[in-house]
Amino acid sequence: MDNLFRQEMNLMNMEQHLQTYFSPKTAAHRENYHHHLICHIPLSPNDCGLMVEKFNSLTRFENEIGIYEDLALSIIVMWAFCNKYNIHKNDFLNRLIHHTDSLPQHRGRYYKILLFPVFDEYGLETFGKSINTIETMCEVIDMHVKMS
């Protein structure tokens, strides 16, 4: 499998590239890669590892919510592919939950819920579930991985 990303790309470049797979303007991509299923994007284990590496370098921006908003699709895709390729499988989720739980309650809740709209915004399959809790989002991401 070829790599989708190059080493010199930053997470925002990766986010923009991932968005093309779910954009209504690229219907051909949607048909070719089953746009509703996250893990049908041709993301290699190397791509996933590179995303994790780049994401881990953002720790100094943990309190800047705008970064998480701008990278919401990448976070969901990275989460799914970490599970698919068993790369830091639960570390990513645990880190996200630990970080949000260490914030004041209202702020931690906002960090978590900012990921919920990604499924509707990009037409990602929810398997009939309403994504309004972290637990439900975990279930849906696990279903995406199982369908790959």
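The structure contained in this document is the topic of the report that follows. Remember, it's a predicted structure, so these values are computed and weren't measured experimentally. (Residues numbered from 1 in each chain as written. Predicted model: local features only at pLDDT ≥ 70, side-chain atom pairs only at ≥ 80, totals over all residues. Heavy atoms only, no water.)

This paragraph deals with the overall build of the protein. Tallying secondary structure elements over the protein gives nine helices and zero strands in all. Along its sequence from the N terminus, the protein presents helices and strands in the succession α-α-α-α-α-α-α-α-α. With 148 residues in all, the protein has 44% of them scored as buried. At a minimum sequence separation of 6, the contacts of the protein that also span at least 24 residues come to 64%. (Helix = DSSP H or I, 4+ residues; strand = E, 2+ residues; numbered from the N terminus. Buried < 20%, exposed > 50% of the residue type's maximum accessible area, 1.4 Å probe, protein only. Contact = heavy atoms within 4.5 Å.)

Here we take up the nonpolar core. With 46 residues, the main nonpolar core has Phe5, Ile76, Phe119, Leu124 and Met137 as its most contacted residues. At the level of secondary structure, the elements contributing two or more residues to this core comprise helix 1 (11-20), helix 3 (45-56), helix 5 (72-85), helix 8 (118-121) and helix 9 (134-146). At 10 residues, helix 5 tops the list of elements feeding residues into this core. Every residue in contact with phenylalanine 5, bar those within four places of it in the chain, is listed here: Met14, His17, Leu18, Leu43, Asp47, Leu50 and Met51. (Core = buried A, V, L, I, M, F, W, Y, C linked by side-chain atoms within 4.5 Å.)

This part covers helix 9. The end-to-end C-alpha distance of helix 9 is 18 Å, a good match for the 18 Å that 13 residues give at a rise of 1.5 Å each. Regarding helix 9, the residues found buried are Ile134, Thr136, Met137, Cys138, Val140, Ile141, His144 and Val145. (Expected span 1.5 Å × (residues − 1).)

The next point concerns the state of the cysteines. Such a bond, covalent and formed between the sulfur atoms of two cysteines, is termed a disulfide. All told, the structure shown has zero disulfides when counted by the stated rule. Unpaired in this structure, cysteine 39 has its nearest cysteine sulfur neighbour in cysteine 48, at a distance of 9.1 Å. Using a relative accessible area of 3% as the deciding quantity, one classes cysteine 39 as buried. (Disulfide = S-S within 2.5 Å.)

Under the counting rule described, the total for this entry stands at one aromatic pair. Aromatic side chains phenylalanine 81 and tyrosine 85 sit 5.7 Å apart centroid to centroid with 40° between the ring planes, which places their arrangement in the tilted category. Taken together, the residues span about one helical turn, with phenylalanine 81 and tyrosine 85 both in helix 5 at a distance of four residues. (Phe/Tyr/Trp six-rings, centres within 6.5 Å; stacked < 30°, edge-to-face > 60°.)

This brings us to the pattern of salt bridges. Note that side chains of opposite charge can pair when their charged atoms are close. Per the stated rule, a full pass over the model turns up two salt bridges. Among the salt bridges present, the one from arginine 6 reaches glutamate 8, with a minimum N-O distance of 2.8 Å. Residue arginine 6 shares its accessibility class with glutamate 8, and that shared class is exposed. A salt bridge links lysine 129 to glutamate 139; the shortest N-O distance between them is 3.1 Å. Of this pair, lysine 129 sits in the loop between helix 8 and helix 9 while glutamate 139 is found in helix 9, placing the two residues 10 residues apart along the sequence. By relative accessible area, lysine 129 is classed as partly exposed at 31%. (Salt bridge = Lys/Arg side-chain N within 4 Å of Asp/Glu carboxyl O.)

Let us now look at the side chain of threonine 136. Here threonine 136 is to be found in helix 9. If we ignore the near neighbours within four places in the chain, the residues touching threonine 136 are Lys129, Ser130 and Ile131.

Such coordinate-based values are descriptive only and should not be taken to indicate function.
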